[in-house]
Amino acid sequence: MNLNIKSDKAQTYDAIVVGSGMTGGMAAKELTERGLKVLMLERGYELKHVEDYKTAMKDPWEFEHRGKITNLAAEEHYASMYFSAKEGTQYLYTNDAENPYIQKRPFNWIRAYHTGGKSLLWGKQSYRWNREDFLANAKQGLGVEWPIGYDDLVPWYDYVEKFVGVSGQAEGLDVLPDGKFLPPMAMTAPELHLKKSVGQKLNRPITIGRVAHLTKPQPWHTALGRATCQFRNRCSRGCPFGAYFSSLAATIPAARQTNRLTIVHNAIVKEILLDSQGQKAKGVRVIDQNTMEVREFYAKVIFLNAGTIGSTSILMNSKSSRFPTGLGNDSDQLGRNLMDHHLSVGARADIEGFEDDYYFGARPNALYIPRFRNWGNDKRSYLRGFGYQGGASRADWSRGAAETGFGADFKAKMTQPGPWKINLSGFGEVLPDPNNRFYLSEDQTDKWGLPKVVFDADFGENERAMRKDIMNDGAEMLEAAGFKNVVPYDNAVAHMGLGIHEMGTARMGKDPKTSVLNKFNQVHACKNVFVTDGSAMTSASNVNPSITYMALTARAAKHAVDQLKARSL
Ligand SMILES: Cc1cc2nc3c(=O)[nH]c(=O)nc-3n(C[C@H](O)[C@H](O)[C@H](O)COP(=O)(O)OP(=O)(O)OC[C@H]3O[C@@H](n4cnc5c(N)ncnc54)[C@H](O)[C@@H]3O)c2cc1C
Ligand code: SF4
């Protein structure tokens with residue numbers, strides 16, 4: 001390692017943002033728009049919006065392996081291939097073989113080390129947490145109490161949703177609070193039938209998924225070069241229309257417009273540096289991922305947005321005489337209460353009829369069934385709940401790959417829409433558990449000399465009990481609609497990480513003795529360090545989390561700037 005550390009005044013900024021993904025982009029936008037000179041440090045390579053989406057416009061036959069991932073690529077992408085890495089998307093997923101980690105218990109750590117992070121890959125499902133999500137820990141004596149409530153986040157949800165552009169239908173449900181929506185996408189005919197049947201027979205609402213796609217761009221979207229969604233559902237290869245929200249399409253361009261943003265790529269933030277009193281951060285130490293050069297950058301405020309595991313690892317690596325086990329770890333909570341959502345459980349069915357019905361384009365969305373278990377008067381043997389994402393569509397030409405046949409008749413048959421099928425896939429809440437954790441290896445390092453991450457976490461009895469309901473309730477709803485060949489399923493090998501909603505490990509809380517961050521995402525014992533990604537989460541809810549991370553980030557950024565102006569940081 002090159003120890004010729006470059007450090008000078010020219011490397012001094014008002015704020016440093018670590019990571020350029022979903023939350024780093026939001027932090028950079030907010031901090032620059034509020035007048036700060038910001039340095040964004042990204043460990044991965046530079047990915048340029050539109051021009052670097054190299055597979056975005058390819059047709060299936062243009063892929064050498066017809067879209068399938070090769071055995072070699074599967075070995076390199078062992079974390080992500082199970083879920084979603086395909087020939088057209090693998091370039092956006094991190095090569096796990098080059099970035100190894102240790103699984104004491106199974107964990108898929110799915111990463112995207114490049115500009116935009118996982119905001120390029122996400123499914124865009126965007127749901128607010130409800131009031132109870134923030135209260136459940138305190139009521140049930142689990143984990144610690146949230147230091148904020150739903151009302152604290154309402155203005156920030158409003159603000160972020162408006163900027164992001166979230167399509168959805170207002171339903172007036174307490175369990176799934178409405179947001180600031182662009183026009184909703186349409187349900188298919190069998191989905192409308194399911195909604196009616198399940199509403200009438202089981203009194204459970206169903207809505208169209210709330211997604212960060214521009215169904216009707218507003219002036220602030222088009223001003224950033226974003227356009228209407230084309231319903232082509234190739235989003236995970238990157239969107240040349242900027243129609244789904246990513247930091248590349250939205251927050252980074254907005255931050256750049258201020259002329260106050262500098263981005264340095266290939267910069268792996270290793271640790272946070274403290275001032276001579278050891279109470280306050282003065283900057284970060286960085287390793288260039290290609291040259292191994294070590295550099296230091298300085299700022300008054302540091303935002304950690306390196307993704308849940310990334311941000312907490314940086315805190316763990318930042319050891320000093322004041323913080324011998326990692327920055328902010330007075331409570332011994334760093335790395336603990338690792339959560340995710342559990343999935344790969346639900347029900348599917350065939351649908352007869354509706355032969356004359358079709359739909360517009362390839363809708364990049366699903367339907368959503370909000371939580372109904374342990375809600376209102378419903379009481380189960382387990383705690384918390386789950387929702388479903390899924391939908392009904394017709395089999396396309398690719399069903400021909402599994403059929404024998406050739407020639408003109410076969411091709412003509414494949415141009416006709418296939419039968420309808422439906423799937424309901426559950427997303428269940430995982431409880432905070434201090435024994436579900438990750439830590440840094442004491443004897444194994446990666447090629448940059450950084451300790452490898454060790455995962456030691458699994459689902460517990462509560463999650464296993466919930467899965468039975470997810471499966472059976474899904475089947476019950478499909479049967480209520482009269483669908484055929486209903487198959488409940490539970491992929492028993494499902495484990496932590498596959499939900500790609502990893503969170504916790506540096507939780508927010510009221511008491512510095514039991515939590516790492518305060519109600520504004522500041523490290524209790526080092527107030528100019530903010531952590532605003534999933535690490536901050538005190539519990540997990542059952543809805544997709546990214547819009548909540550972004551609301552927390554925007555809120556924390558305002559607080560940071562206010563505090564700087566008041567000279568309190
Ligand atoms: C296939 C898929 C589907 C998903 N679907 C949804 C969904 O529908 N709804 C939803 O809410 N969420 C979804 N998610 C999750 C969502 O992508 C994440 O919650 C979100 O991206 C997290 O934002 P982040 O800023 O914390 O991390 P990221 O977006 O991952 O960004 C972290 C960035 O930090 C960089 N970094 C890491 N370590 C360092 C370091 N030491 N130094 C410098 N830089 C560093 C990384 O390279 C990366 O660019 C999905 C994810 C995937 C992969
Ligand atoms: S479906 Fe919409 S958001 Fe997705 S790639 Fe196509 S235009 Fe972009």
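Procedures and definitions
Within any chain, residue numbers begin from 1 and follow the written order of that chain's sequence. Labels follow written order: the first chain is A, the first ligand is 1, and so on. With the structure being a predicted model, the display of local features is reserved for residues of pLDDT at least 70 and the display and counting of side-chain atom pairs for 80 or more, all residues being used for whole-chain, interface and lining totals. Working from all heavy atoms in the structure, the side-chain values ignore hydrogens and water. Geometry is summarised by axes, namely lines fitted to C-alpha atoms with helices restricted to the contacting stretch, and by angles between N-to-C directions that run from 0 to 180 degrees. Helix numbering and strand numbering both begin at the N terminus, where a helix is a DSSP run of H or I of at least 4 residues and a strand a DSSP run of E of at least 2. Orientation labels follow simple angle bins: below 35 degrees gives roughly parallel, above 145 gives roughly antiparallel, 65 to 115 gives roughly perpendicular, and whatever is left gives oblique. Residue contacts are defined here by distance: any two heavy atoms, one from each residue, within 4.5 Å place the two residues in contact. Nonpolar residues are Ala, Val, Leu, Ile, Met, Phe, Trp, Tyr, Cys and Pro. Charged residues are Asp, Glu, Lys and Arg, and all others, Gly as well, are polar. The cutoff for a nearby residue is simple: one of its non-hydrogen atoms must lie within 4 Å of the molecule or strand. Points on a 1 Å grid, built from protein atoms alone, make a cavity when a 1.4 Å probe fits but cannot get out and make a pocket when they are open with protein on both sides within 12 Å along at least 5 of 7 lines; residues with an atom within 4 Å of a point are the lining residues. Grid points define the cavity or pocket, and a molecule sits in it when more than half of its atoms lie within 2 Å of them. The rule is simple: take the accessible area with a 1.4 Å probe, protein chains only, and divide by the maximum for that residue type; under 20% is buried, over 50% is exposed, in between is partly exposed. A pair of strands is considered paired only if DSSP assigns at least 2 bridges between the two. Look down the strands so they point away from you; if going from the first strand over the helix to the second traces a clockwise path, that crossover is right-handed. The term nonpolar core refers to a set of buried residues drawn from Ala, Val, Leu, Ile, Met, Phe, Trp, Tyr and Cys, joined through side-chain atoms within 4.5 Å.

*Asks:* A description of the packing of helix α4 (residues 150-164) against helix α11 (residues 546-565) should follow, citing residues and the corresponding values.
*Replies:* One way to put it is that α4 packs onto α11 with a least axis distance of 8 Å and a crossing angle of 110 degrees. Taken as axis vectors, α4 and α11 run roughly perpendicular relative to one another. The segment α4 lies against α11, with Asp152, Leu153, Trp156, Tyr157, Tyr159, Val160, Glu161 and Val164 engaging Ile547, Thr548, Met550, Ala551, Leu552, Ala554, Arg555 and Lys558. Its residues assigned to classes, the contact of α4 with α11 comprises 11 nonpolar, one polar and four charged.

*Asks:* Which residues make up the site of ligand 2, and what values do they have?
*Replies:* The local shell around ligand 2 holds 13 residues, among which Cys229, Arg232, Asn233, Cys235 and Cys239 are the closest. With respect to the pocket detection grid, ligand 2 is positioned in the largest cavity. Counted by class, the shell around ligand 2 contains eight nonpolar, three polar and two charged residues.

*Asks:* Describe the pairing of strand β2 (residues 12-18), listing the residues and the values that go with them.
*Replies:* Where burial is concerned, most of β2 is hidden: six out of the seven residues are buried. Inspection of the sheet shows β2 paired to strand β11 (residues 293-304) by six bridges, in the parallel sense. Directly across from valine 18, in β11, lies its bridge partner leucine 304. Inspection of the sheet shows β2 paired to strand β3 (residues 38-41) by four bridges, in the parallel sense. The residue of β3 that forms the bridge with alanine 15 is valine 38. Following the backbone out of β2, through helix α1 (residues 22-33) and into the adjacent parallel β3, one traces a crossover that is right-handed.

*Asks:* I'd like a description of the nonpolar core, backed by residues and values.
*Replies:* Membership of the largest hydrophobic core comes to 130 residues, with the highest contact counts inside it found for Leu41, Leu194, Ile272 and Leu315. If you tally residues by element for this core, the top one is α4, at seven residues. Leaving out residues up to four positions away in the same chain, isoleucine 272 has contacts with Ala281, Gly283, Val284, Ile302, Leu304, Ile314, Leu315, Ser318, Leu327 and Val529. If you look at the next biggest cluster of nonpolar residues, it comprises 21 residues, including Leu31, Leu36, Ile252 and Ala560.

*Asks:* Please set out the sheet that holds strand β18 (residues 451-456) residue by residue, giving values where relevant.
*Replies:* Pairing is mixed in the open sheet, where three strands are placed in the order β4-β18-β17. Pairing within the sheet leaves two strands with one partner each, and these edge strands are β4 (102-103) and β17 (437-445). Bridge analysis of β4 against β18 gives two bridges, and the strand direction is parallel. When the sheet's bridge partners are listed, glutamine 103 is paired in β18 with phenylalanine 455. Each of β17 and β18 is contacted by helix α8 (residues 308-317), which is oriented at about 60 degrees to β17, the strand it contacts most.

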